[in-house]
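Summary of the model geometry
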Amino acid sequence: MTAIQRRGRRIMMTDAERDAFLTEQRTCRVATVSADGTPHVGALWFVWDGASLWLYSITRSRRWAQLRKDARLAVLVDDGVEYGELRGIELSGTAAFVGEAPRTGEPCPELDVPERLFPQKYFGMTRMPHDGRHAWLRLTPDAMTSWDFRKLGGA
């Protein structure tokens, strides 16, 4: 085993650390790709339900249009300023479009959890406000990579 592999295992987040990190962080960067291969990265708010990342995206965005043609995406959630503070998670997989688009609040049991978590996290509200411009994307990751350089202890 190489030194890089050993260090990677040492700084990898546990499941509990990952869940706490994804619950507390507020902004992620979402990468999509156009039909000609041009990448696009944009920031979004999100919620994590323990298995999936839920993204509330404007349906008239470049991101939404690209995902309709190619649903593969990568998401980065990270934090820290100094090298020894850096931590983050990269998630990748295929986006699923959930509920009506744009979302108007029609009953959709699959959205009960994200529509409870999202308004609490971002607005301090108990009910999801629907503006007729956004809709839900769910990323149940095929792959996740995490790191927490604070585990190196200044090494």
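Residues numbered from 1 in each chain as written. Predicted model: local features only at pLDDT ≥ 70, side-chain atom pairs only at ≥ 80, totals over all residues. Heavy atoms only, no water.

Below, the discussion takes up the pattern of salt bridges. In total, this model carries 11 salt bridges according to the counting rule given. Salt-bridge contacts for Asp-19 lead to Arg-18; the nearest nitrogen and oxygen are separated by 2.9 Å. By relative accessible area, Asp-19 is classed as partly exposed at 25%. Given the relative accessible area of 14%, Arg-18 is considered buried. Linking Asp-148 and Arg-150 is a salt bridge whose minimum nitrogen-to-oxygen distance equals 2.8 Å. Exposure remark for Arg-150: the relative accessible area of 45% places this residue in the partly exposed category. Here the residues in one salt-bridge network are Asp-15, Arg-18 and Asp-19, joined through shared partners. (Salt bridge = Lys/Arg side-chain N within 4 Å of Asp/Glu carboxyl O. Buried < 20%, exposed > 50% of the residue type's maximum accessible area, 1.4 Å probe, protein only.)

To continue, consider the pairing of strand β3 (residues 53–58). Consecutive side chains of a regular strand alternate in pointing toward one face of the sheet and then the other. Summarising burial for β3: five of the six residues are buried, a large majority. Between strand β2 (residues 39–48) and β3, which pair antiparallel and follow one another directly, the connecting turn spans four residues, one of which, Gly-50, has a positive phi of 100°. (Helix = DSSP H or I, 4+ residues; strand = E, 2+ residues; numbered from the N terminus. Pairing = 2+ DSSP bridges.)

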